[in-house]
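Read off the chains here:
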Amino acid sequence: MSQTIATRFTRRFGVPHPVALAPMDKVAGGRLAAAVARAGGLGLIGGGYGDPTWVEAAFAEAGDAPVGIGFIAWSVAERPELVAQSLARRPKALMVAFGDGGPLVEAARAAGVPTLWQVHRMEQAEAALAAEADCLVVQGQEAGGHGMDRGLTALLPGVRDLAGPELPVLAAGGLADGRGLAAALMLGADGVLLGTRFWASAEAAGSAVAKAALVARGGDETLRSKVFDVARNAAWPWEFTGRTVTNAFARRWHEDLEGLQRVLDAERARYDAADPDDFETRALIAGEALDLIHEIRPAGEIVAQVVDQAAALLRRAGEVLVPVS
Ligand SMILES: Cc1cc2nc3c(=O)[nH]c(=O)nc-3n(C[C@H](O)[C@H](O)[C@H](O)COP(=O)(O)O)c2cc1C
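Read on for an overview of the structure. (Residues numbered from 1 in each chain as written. Predicted model: local features only at pLDDT ≥ 70, side-chain atom pairs only at ≥ 80, totals over all residues.)

### Considerations on helix 8 (residues 152-163)
Counted at 1.5 Å a residue, the expected span for helix 8 with its 12 residues is 16 Å, and the 16 Å between its end C-alpha atoms agrees. All of the buried residues along helix 8 are Leu 152, Leu 155, Leu 156, Val 159, Arg 160 and Ala 163. Across the axial projection of helix 8, the buried residues extend over an arc of 135°, all falling on one side. Helix 8 presents Ala 154 and Asp 161 as exposed residues on the side facing more than 90 degrees away from its buried surface. Against the buried residues of helix 8 lie strand 5 (115-119), helix 7 (122-130), strand 6 (135-139), strand 8 (169-172) and helix 9 (178-186). (Helix = DSSP H or I, 4+ residues; strand = E, 2+ residues; numbered from the N terminus. Expected span 1.5 Å × (residues − 1). Buried ≥ 20, exposed ≤ 12 C-beta atoms within 10 Å, placed from the backbone. Arc of directions from axis to C-beta. Contact = placed C-beta atoms within 7 Å.)

Right, here's the structure in full:
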C-alpha cells in the first residue's frame, strides 16, 4: 500500500484508513475488531443486545488493540451499567444504532469517547445532529441486518447536506470493496462501515458452514423482513426490518405474518430446535453485498484491498475529463 485516503473521519477518530467494522452482534468479537484495528481501520465490537459476559470476553480477546464498541439503543437502554462498564475500558469509539442514542452519546462524551450514530432516514439524522454525535453512519436498505427502507444513493448526499461541511459521515449498506469506498466518497461520505464483507472474514465469530453459505449466495437471495424478529421473539421496534438470506422459513412466512402469529408457539419451538447451522430455518444475516463476496479472507487483507482499490480508482478518476472541443 503506497497511499491511503485521509478524511474528516480518519482525522477525528485517529485511524489510518477510512474503513470501519460494523459492530455486528456476536459476529464482531474481539478477534475481528482487533484484526481491523491492527490493519488501520476502526474495529468495533458488537455489543448488540448487551450481554455483559460476551462484551467482557470480546474486550479481553481484543487485547491491547484499540477497539471500540457498538450498542443497539433500544436494547441497551435497560442496561446503563453495561455502557458505563464499557466506557471504563476507554474504547476507541462508541457507536449507537436503532433508537434514541442521545443518552449513550452524552455518556460517551462525558467519558471523552468519540461517538458514531447510525441513521436510516433523514429525520434520524436530524436527531443524531441535535445530540451532537461525532460521526453519522448513513445506512442504506441494501445492508445486512436491521435497517429501514431508504436506499443509500440519495440518502447519503442528503445527510451530507444536512450535516454540513465539517462532520464526519460514513456510508453503510451494500459496500464491500474499493469501488464502494470511492463512490461513497463522491457522494459525500468520509469512509465506509462494512458488515457483510467482514462477516465473510477469517476472524469473524461464526461457523464454517455459515461462512461457506455467505460465499455461495448472492444479493438476489436476500430479503428484508420482519419474519425472524417475530419468530425469535425479538422485541424490535416495528419500523425496523432485518435483511437475511432468503430461506424456506422466510419464504413460508414473509407474506403471511398474521398466519405466523397464529401458530407462533409451534413455529418458535421449531425455529429454536433447529440446528444452528440449518440455514433453511435459521436466520443467516447478510446484505446485498453478497454479490461482491467470493471468498473468506483475513480482515486485514480486506481493509488493505478496499483502500488500495479505492485509491487506484481515485487516481484514475480524472482520466474521463477531456477538453471541450
Ligand atoms: C451479521 C450482521 C449483524 C449485525 N448486527 C448489528 C448490530 O448488532 N448492531 C448494529 O448497529 N448493526 C448491526 N448490523 C448492521 C451493520 O451495522 C451495518 O449497517 C451493515 O452491516 C452495513 O451493510 P453491509 O452488511 O452491506 O456492509 C449487522 C449486520 C450484519 C451483516
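### Concerning the sheet that holds strand 10 (residues 222-225)
One open sheet accounts for 3 strands, arranged 7-11-10; its pairing is antiparallel. Edge positions in the sheet fall to strand 7 (145-147) and strand 10, since each has one partner strand and no second. Each adjacent strand pair in this sheet contributes to an overall mean axis angle of 25°, direction not counted. Alignment of strand 7 against strand 11 (residues 241-245), held across 3 bridges, turns out to be antiparallel. By the bridge assignment for strand 11, Gly 147 is matched with Thr 241. (Pairing = 2+ DSSP bridges. Axes fitted to C-alpha atoms, helices over the stretch in contact; angles between N-to-C directions.)

### A short note on the nonpolar core
Membership of the largest hydrophobic core comes to 101 residues, with the highest contact counts inside it found for Leu 44, Leu 136 and Leu 170. Once residues within four sequence positions are removed from consideration, Leu 136 is found in contact with Trp 117, Val 119, Ala 125, Ala 128, Val 159, Ala 163, Leu 167 and Val 169. (Core = buried A, V, L, I, M, F, W, Y, C linked by C-beta atoms within 7 Å.)

### A few points about the site of the ligand
Around the ligand, the structure places 29 residues, and the nearest of them are Asp 25, Ala 143, Gly 144, Gly 145 and Gly 195. Broken down by secondary-structure element, the contributors of at least two residues to the shell around the ligand are strand 2 (44-48), strand 3 (68-72) and helix 10 (196-199). In terms of residues, the shell around the ligand owes the most to one element, helix 10, which gives 3 residues. The residue inventory of the shell around the ligand, partitioned by class, reads 14 nonpolar, 12 polar and 3 charged. (Near = placed C-beta within 6 Å. Nonpolar A, V, L, I, M, F, W, Y, C, P; charged D, E, K, R; others polar.)

### Thoughts on the environment of Lys 92
The topology assignment puts Lys 92 in the loop between helix 5 (80-87) and strand 4 (94-97). Taking the C-beta count within 10 Å as the criterion, Lys 92 has 20 such neighbours and is therefore assigned buried. For the pair Lys 92 and Ala 289, spaced 197 residues apart in the sequence, the C-alpha separation amounts to 27 Å. Ignoring any residue separated from it by four or fewer positions in sequence, one finds Lys 92 in contact with Leu 42, Pro 66, Val 67 and Gly 68.

### Let's talk about the packing of helix 7 against helix 8
Running from amino to carboxyl end, helix 7 crosses helix 8 at an angle of 30°, the nearest separation of the two axes being 10 Å. Between helix 7 and helix 8, the interaxial angle falls into the category roughly parallel. For the pair helix 7 and helix 8, the crossing hand works out as right-handed. Residues Met 122, Ala 125, Glu 126 and Leu 129 of helix 7 form the contact with helix 8, whose participating residues are Gly 158, Val 159, Leu 162 and Ala 163. Across the contact of helix 7 with helix 8, the residue classes break down as 6 nonpolar, 1 polar and 1 charged. (Parallel < 35°, antiparallel > 145°, perpendicular 65-115°, else oblique. Left-handed = near helix turned anticlockwise from the far one by under 90°.)

### Section: the packing of helix 2 (residues 30-38) against helix 3 (residues 52-62)
One way to put it is that helix 2 packs onto helix 3 with a least axis distance of 7 Å and a crossing angle of 40°. Taken as axis vectors, helix 2 and helix 3 run oblique relative to one another. The element helix 2 and its partner helix 3 pack so that their crossing is right-handed. Contact residues: Gly 30, Arg 31, Ala 33 and Ala 34 in helix 2; Ala 58, Phe 59, Ala 60, Glu 61 and Ala 62 in helix 3.

So far we have only geometry, and geometry alone does not tell us how the molecule works.
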